[in-house]
Amino acid sequence: MRVQGVDKAHWILFIPTGVPNLKEAIDKAIEKYPGAIALADGVVKSRGFHVFFYGQSSYLVEGTPLFEDNVDQPTGNGQYSQSGNIGNTATTTNVMRITHQISNEKNVTELAKMYGVSVVDIMKWNKLTNPTLVSGQEIIIYLPK
């Protein structure tokens, strides 16, 4: 079961009325299932468009919700079931893994600022030797919960 969360900001006359927040999009995805504590295999997409005097930019986050052991979990049909061991909650509750597909970002520095992590960490996690990114490239990011 995958969930999605979106945070948007509007543009009027090429002036932003706000800035989309990545953390807010992640939180919205997690909140779709009561008891979820994080997302696994997360994918982040940055989208935007402009038409005449109006535009919009957004983050779309998609992932599989993670639950702590022995917590009611959705079965996918609107009902909840009790579960035993889902995984090592010590690791799933401390770090969230996100796969970011590059669209507009041109280098690792822009991506690091977006997620609030270091350039060195992104390069290490993805075994990058060059900080330049290519559209369509998938980058792994680990965020503390």
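Residues numbered from 1 in each chain as written. Predicted model: local features only at pLDDT ≥ 70, side-chain atom pairs only at ≥ 80, totals over all residues. Heavy atoms only, no water.

K.L.:
Which parts of the structure should I look at to understand the overall build of the protein chain?
P.N.:
Helix and strand content of the protein chain: 4 helices and 8 strands. The linear arrangement of helices and strands in the protein chain, starting from the amino end, is β-β-α-β-β-β-β-α-β-α-α-β. Put simply, 59% of the contacts in the protein chain that link residues at least 6 apart link residues at least 24 apart. On the protein chain, roughly 8600 Å² of surface is accessible, and the fraction owed to carbon and sulfur atoms is 54%. (Helix = DSSP H or I, 4+ residues; strand = E, 2+ residues; numbered from the N terminus. Contact = heavy atoms within 4.5 Å. Areas by Shrake-Rupley, 256 points an atom, 1.4 Å probe, with all protein chains shown as cover.)

K.L.:
Explain the nonpolar core here, please?
P.N.:
Grouped together as the largest cluster of nonpolar side chains are 27 residues, with contacts concentrated most on Ile26, Tyr115 and Ile141. Elements represented by at least two residues in this core include exactly α1 (22-31), β3 (36-51), β4 (54-67), β7 (95-101), α3 (108-115), α4 (119-125) and β8 (138-144). When residues in this core are grouped by element, the largest group, 5 residues, is from α1. (Core = buried A, V, L, I, M, F, W, Y, C linked by side-chain atoms within 4.5 Å. Buried < 20%, exposed > 50% of the residue type's maximum accessible area, 1.4 Å probe, protein only.)

K.L.:
Can you walk me through the pattern of salt bridges in this structure?
P.N.:
Pairing is possible between side chains that carry opposite charge, provided their charged atoms lie close to one another. One pass over the structure, following the stated rule, counts 4 salt bridges. The partner of lysine 23 in a salt bridge is aspartate 27, and the shortest N-O contact between them spans 3.1 Å. Residue lysine 23 and its partner aspartate 27 are located together in helix α1, separated by 4 residues, close to a single helical turn. According to the relative accessible area criterion, lysine 23 is exposed, its value standing at 55%. Ionic pairing is found between arginine 97 and aspartate 41, a salt bridge with its closest N-O pair at 3.8 Å. (Salt bridge = Lys/Arg side-chain N within 4 Å of Asp/Glu carboxyl O.)

K.L.:
Just checking my understanding: could you explain the pairing of strand β1 (residues 3-12) for this structure?
P.N.:
Looking along a regular strand, one sees side chains alternate from face to face of the sheet. By the bridge criterion, 10 bridges tie β1 to β4 in an arrangement that is antiparallel. The residue bridging valine 3 from the neighbouring strand is glycine 63, located in β4. Hairpin connection, β1 to strand β2 (residues 15-16): the antiparallel pair is bridged by 2 residues, and leucine 13 has positive phi, about 55°. (Pairing = 2+ DSSP bridges.)

K.L.:
So what exactly am I meant to see when it comes to the environment of glycine 116 here?
P.N.:
On the secondary structure map, glycine 116 appears in the loop between α3 and α4. The exposure class assigned to glycine 116 is exposed, which follows from its relative accessible area of 66%. Separated by 27 residues in sequence, glycine 116 and leucine 143 have C-alpha atoms that sit 8.6 Å apart.

K.L.:
Looking at this structure, how should I read α3?
P.N.:
Since the α-helix advances by 3.6 residues per turn, residues separated by three or four positions end up pointing in the same direction. Every buried residue of α3 is accounted for by Val108, Leu111, Ala112 and Tyr115. Projected down its long axis, α3 carries its buried residues within an arc of 100°, all on one side. Elements that come into contact with the buried residues of α3 comprise α1, β3, β7, α4 and β8. Taking the backbone nitrogen of threonine 109 as reference, a side-chain oxygen 3.0 Å away marks asparagine 107 as the first, capping residue of α3. (Arc of directions from axis to C-beta. Polar contact = N/O pair within 3.5 Å; in protein donor to acceptor, adjacent residues only side chain to side chain.)

K.L.:
Explain the confidence of the model for the protein chain to me, please; I cannot follow it from the model alone.
P.N.:
Fine structural detail should not be taken from predicted coordinates in areas where pLDDT scores are low. Residues with a pLDDT of 70 or more make up 80% of the protein chain, whose mean pLDDT is 76. Counted against residues more than four places away or in other chains, residues 70-93, with its pLDDT under 50, gives 42 contacts. (pLDDT = per-residue confidence, 0-100.)

K.L.:
Help me understand the pairing of β3, please; the structure alone is not making it clear to me.
P.N.:
Taken together, the 13 bridges between β3 and β4 define a ladder with antiparallel strand orientation. In the sheet register, valine 43 faces β4, and the bridge partner there is glutamate 62. In this antiparallel pair of consecutive strands, β3 and β4, the connection spans 2 residues, and phenylalanine 52 shows a positive phi of 50°. Pairing between β3 and β7: 3 bridges, direction parallel. Bridge pairing in β7 places glycine 42 opposite isoleucine 98.

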